[in-house]
Protein chains: 2
Amino acid sequence: MPPTVKPLLQRQTVTAMVAEYIAAKIVGGEYPGGHQIRQEAIAAELGVSRIPVREALLQLEAEGLVVIRTHRGAVVSDLSADDAIDLFDARLLLEPFLVKKAIARMSNQDIVNVERALQDYEAAIARGDPKELSRLNWAFHTALLEPSMRPRSMAVLQTLYSSADRYLRLQIEPLKAQTKALQEHRDIFEAYRLRDAVETSRLLKKHVADAAEEIVSQLKRGEAAG
Amino acid sequence: MPPTVKPLLQRQTVTAMVAEYIAAKIVGGEYPGGHQIRQEAIAAELGVSRIPVREALLQLEAEGLVVIRTHRGAVVSDLSADDAIDLFDARLLLEPFLVKKAIARMSNQDIVNVERALQDYEAAIARGDPKELSRLNWAFHTALLEPSMRPRSMAVLQTLYSSADRYLRLQIEPLKAQTKALQEHRDIFEAYRLRDAVETSRLLKKHVADAAEEIVSQLKRGEAAG
DNA sequence: CAATGAAATATTGGATACGATCGTACAAGA
DNA sequence: TCTTGTACGATCGTATCCAATATTTCATTG
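For the structure given in this document, a descriptive report is provided here. Keep in mind that this is a model prediction, so the values were computed, not measured.

It is worth spelling out the protein's contact with DNA strand D at this point. Around DNA strand D, the structure places 18 residues, and the nearest of them are T13, V14 and S49 of chain A together with R50 and R54 of chain B. At the protein interface, 76% of the atoms of DNA strand D within 4 Å belong to sugar or phosphate. Take S49 of chain A: an N or O atom from its main chain is 2.8 Å from a phosphate oxygen of DNA strand D. Between a phosphate oxygen of DNA strand D and a side-chain N or O atom of R54 of chain B, the distance comes to 2.3 Å. Listed by contribution, the elements that provide at least two residues to the surface near DNA strand D are helix 1 (14-27) and helix 3 (50-62) of chain A together with helix 3 (50-63) of chain B. Counting residues per element, the surface near DNA strand D draws most heavily on helix 3 of chain B, at three residues. Classifying every residue of the surface near DNA strand D by side-chain character gives six nonpolar, seven polar and five charged.

The next subject is the environment of I85 of chain A. Note that I85 of chain A resides in helix 4 (residues 81-105). For I85 of chain A and E173 of chain A, which are 88 residues apart along the polypeptide, the C-alpha to C-alpha distance reads 20 Å.

So, about the sheet that holds strand 3 (residues 73-76) of chain B. Residues and elements named next belong to chain B. Ordered by their spatial adjacency, three strands build an open sheet running 1-3-2, and the pairing between neighbours is antiparallel. Both outer strands of the open sheet, strand 1 (36-37) and strand 2 (66-69), are each paired with one neighbouring strand and no more. Of the pairings in the sheet, the one linking strand 1 to strand 3 comprises two bridges and is antiparallel in character. Residue Q36 lies in a different strand from strand 3, and its bridge partner there is V75. Those strands touched by helix 3 are strand 1, strand 2 and strand 3, and its axis lies near 120° from that of strand 2.

Conventions we followed
Residues numbered from 1 in each chain as written. Chains lettered and ligands numbered in written order. Predicted model: local features only at pLDDT ≥ 70, side-chain atom pairs only at ≥ 80, totals over all residues. Heavy atoms only, no water. Near = heavy atom within 4 Å. Polar contact = N/O pair within 3.5 Å; in protein donor to acceptor, adjacent residues only side chain to side chain. Helix = DSSP H or I, 4+ residues; strand = E, 2+ residues; numbered from the N terminus. Nonpolar A, V, L, I, M, F, W, Y, C, P; charged D, E, K, R; others polar. Pairing = 2+ DSSP bridges. Contact = heavy atoms within 4.5 Å. Axes fitted to C-alpha atoms, helices over the stretch in contact; angles between N-to-C directions.

Spelled out as structure tokens, the structure:
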């Protein structure tokens with residue numbers, strides 16, 4: 001069980017900061033797929049040594065954001081339409097399964113947590129910051145699954161999500177998609193609140209599948225265009 | 001596509017060697033769950049600096065073998081019965097799904113590869129080296145799923161497997177379990193060879209579920225005993 | 001002129017050295 | 001006796017420096 005209060009002044013390690021910095025560049029599209037990441041360039045940019053940069057890259061490799069080859073450095077991993085299908089199929093298996101387990105175990109406090117996540121997501125749509133929106137979207141999904149008490153599966157989902165994170169904006173940015181996603185989130189929460197495991201699972205599956213289809217079709221269009 | 005010929009004198013990086021060294025200690029039971037891994041101790045033991053040790057630990061953390069907390073070092077992650085259920089449930093979702101995809105795409109060469117993996121596994125039983133047996137068991141599973149062309153899902157399964165690897169010997173060591181597993185492997189291969197996706201998937205699911213049940217019950221017994 | 005091979009350069013991998021952080025033992029006060 | 005503060009040692013995190021490897025450039029040769 002993690003501590004209930006998070007430290008006010010959380011001392012982040014430099015490695016973690018560098019990892020966030022690089023991840024933000026990748027997710028933000030500044031480092032496109034195939035881009036070579038030069039350790040020294042990053043180090044100079046941030047005024048740190050190369051070692052935390054290397055360790056950050058190792059973590060990002062575990063998250064699937066970059067690929068490291070010996071003595072050849074790190075390259076931003078490219079996500080093909082096939083990769084997206086791969087990632088989302090795995091999510092489509094795990095999330096509906098986990099949400100059923102979650103509903104079987106959840107307390108009233110868990111419902112409150114999900115509701116709060118939903119409200120945060122709603123509020124973010126008004127502001128319209130895409131990076132924030134992506135984070136809160138995932139926070140909602142995480143809150144749904146958290147009560148399942150499946151830390152290993154959750155960790156797997158986390159990596160699947162961050163691998164695909166870059167491309168979520170394909171689906172998450174258009175205003176129409178946002179209102180659709182919000183309505184789906186509300187529907188999911190409603191079924192969740194009523195502890196209807198089958199319905200929640202079904203809605204969640206469809207929600208993820210729709211997003212996947214949208215992203216894959218956009219990627220295919222992009223690949224066809226070259 | 002990886003190179004068809006592997007380099008005769010494969011230059012391994014020190015980090016990779018250290019990672020293998022530590023992983024072997026963990027899987028072999030020399031470092032039990034909860035064991036504190038001192039970077040300096042490992043470094044001195046192997047005559048290397050602490051940096052490759054740190055980076056090896058980062059990789060092992062990604063594989064789920066250790067947990068790293070800032071300024072507190074790495075601890076061998078303990079696998080409870082609940083963790084085992086978590087890991088195996090995820091495998092039970094992914095493997096049957098992937099094997100169907102594999103059968104839909106596989107070539108005759110893929111069937112040959114699986115058959116070879118099966119024969120290697122059979123041969124290893126005769127010799128009886130448990131570490132080798134575990135490796136070849138997984139090689140068989142991997143060969144089954146490889147034609148699915150789902151590298152992301154395969155990577156996920158790889159981490160799930162290595163997290164649970166330590167405890168497979170609970171199930172894999174008894175001679176009776178070995179012959180049972182071998183027969184199941186043969187049955188799976190037979191259905192696979194005939195391209196019967198539904199039957200292969202069913203058999204594979206049962207095969208994994210049986211192993212999971214065996215391990216979980218043994219872990220529970222251990223936990224009850226304290 | 002194309003192809004091959006060797007030297008130069010750039011980039012990553014690893015070792016040593018230093019500073020920061022955490023856990024613990026122990027002393028002082030309530 | 002229990003709590004609180006402090007000093008110490010152990011361990012980790014980071015910077016600087018050196019070694020090994022990959023890539024590029026350029027000369028040489030058929």
